[in-house]
Amino acid sequence: MLTVDINLISMILIIISVVIIFWIYQRIRKENIYWLAKIFLFIGSFIIFFMSLVSMQLEINRYFADNYFIKATFLICYMICAYFIQKSLFLPMISSLDRKINKRNLQNKRQHNA
């Protein structure tokens with residue numbers, strides 16, 4: 001049986017956490033707080049999409065357990081609607097944040113080069 005020391009696992013997790021926190025700090029320092037909002041939008045849109053898909057599938061399974069045509073139809077309609085919501089709601093916000101980040105980076109480069 002493989003035994004692993006719990007202190008070793010704790011140290012590895014602490015090192016990984018420190019590296020991730022340092023990377024986030026560097027990104028925020030370089031690209032300002034807009035980068036953090038962009039990450040929240042990416043993660044939030046992903047969570048909203050899949051959590052609602054799972055909850056709706058559970059409801060459909062409750063009422064239409066044996067009808068695969070209804071399940072497939074719902075899944076296709078849901079994917080189409082989610083694509084258009086993603087395209088019309090989240091993508092414009094992320095694009096505007098990208099423009100602000102790029103504008104800020106250009107200003108910082110010009111100030112740094114001057």
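Going by the structure above, here's the rest.
Residues numbered from 1 in each chain as written. Predicted model: local features only at pLDDT ≥ 70, side-chain atom pairs only at ≥ 80, totals over all residues. Heavy atoms only, no water.

Moving on to a nonpolar patch on the surface. A cluster of nonpolar side chains, namely Leu 8, Ile 12, Ile 16, Ile 20, Trp 23 and Ile 24, defines an oily patch on the protein surface of about 550 Å² accessible area. With respect to the helices and strands, Ile 12 occurs in helix 1 (residues 6-31). Since its relative accessible area comes to 44%, Ile 12 is described here as partly exposed. (Patch = residues over 30% accessible without salt bridge, like charges linked within 9 Å, V, L, I, M, F, W, Y side chains within 5 Å. Areas by Shrake-Rupley, 256 points an atom, 1.4 Å probe, with all protein chains shown as cover. Salt bridge = Lys/Arg side-chain N within 4 Å of Asp/Glu carboxyl O. Helix = DSSP H or I, 4+ residues; strand = E, 2+ residues; numbered from the N terminus. Buried < 20%, exposed > 50% of the residue type's maximum accessible area, 1.4 Å probe, protein only.)

Right, let's get into the environment of Ile 85. Relative to the helices and strands, Ile 85 is located in helix 3 (residues 68-113). Considering only alpha carbons, one finds Ile 85 and Tyr 25, 60 residues apart in sequence, at a separation of 31 Å.

With that settled, consider the environment of Arg 29. Inspection of the secondary structure assignment puts Arg 29 in helix 1. Arg 29 sits in the exposed class, given a relative accessible area of 58%. Measuring from C-alpha to C-alpha, the distance between Arg 29 and Leu 89 comes to 27 Å, with 60 residues separating the pair along the chain.

By the definition in use, this model includes two aromatic pairs. For the pair Phe 74 and Tyr 78, a centre-to-centre distance of 5.8 Å together with 35° between the ring planes defines the contact as tilted. A residue pair is termed a helical-turn pair when its members lie 3 or 4 positions apart in one helix, as Phe 74 and Tyr 78 do in helix 3 at four residues. Across this residue pair, the class does not change: Phe 74 and Tyr 78 are buried. Look at Tyr 83 and Phe 84: their rings are 5.3 Å apart centre to centre, the planes differ by 70°, and that puts the pair in the edge-to-face class. In this structure Tyr 83 comes out as partly exposed when scored by relative accessible area, which is 47%. (Phe/Tyr/Trp six-rings, centres within 6.5 Å; stacked < 30°, edge-to-face > 60°.)

Look at helix 1 against helix 2 (residues 34-63): their axes get within 7 Å of each other, and the N-to-C directions meet at 120°. By the angle class used here, helix 1 and helix 2 are oblique. When helix 1 is examined against helix 2, the residues Trp 23, Ile 24, Arg 27, Ile 28 and Glu 31 are found in contact with a partner set consisting of Tyr 34, Trp 35 and Leu 36. Here the contact of helix 1 with helix 2 is built from residues that sort into six nonpolar, no polar and two charged. (Axes fitted to C-alpha atoms, helices over the stretch in contact; angles between N-to-C directions. Parallel < 35°, antiparallel > 145°, perpendicular 65-115°, else oblique. Contact = heavy atoms within 4.5 Å. Nonpolar A, V, L, I, M, F, W, Y, C, P; charged D, E, K, R; others polar.)

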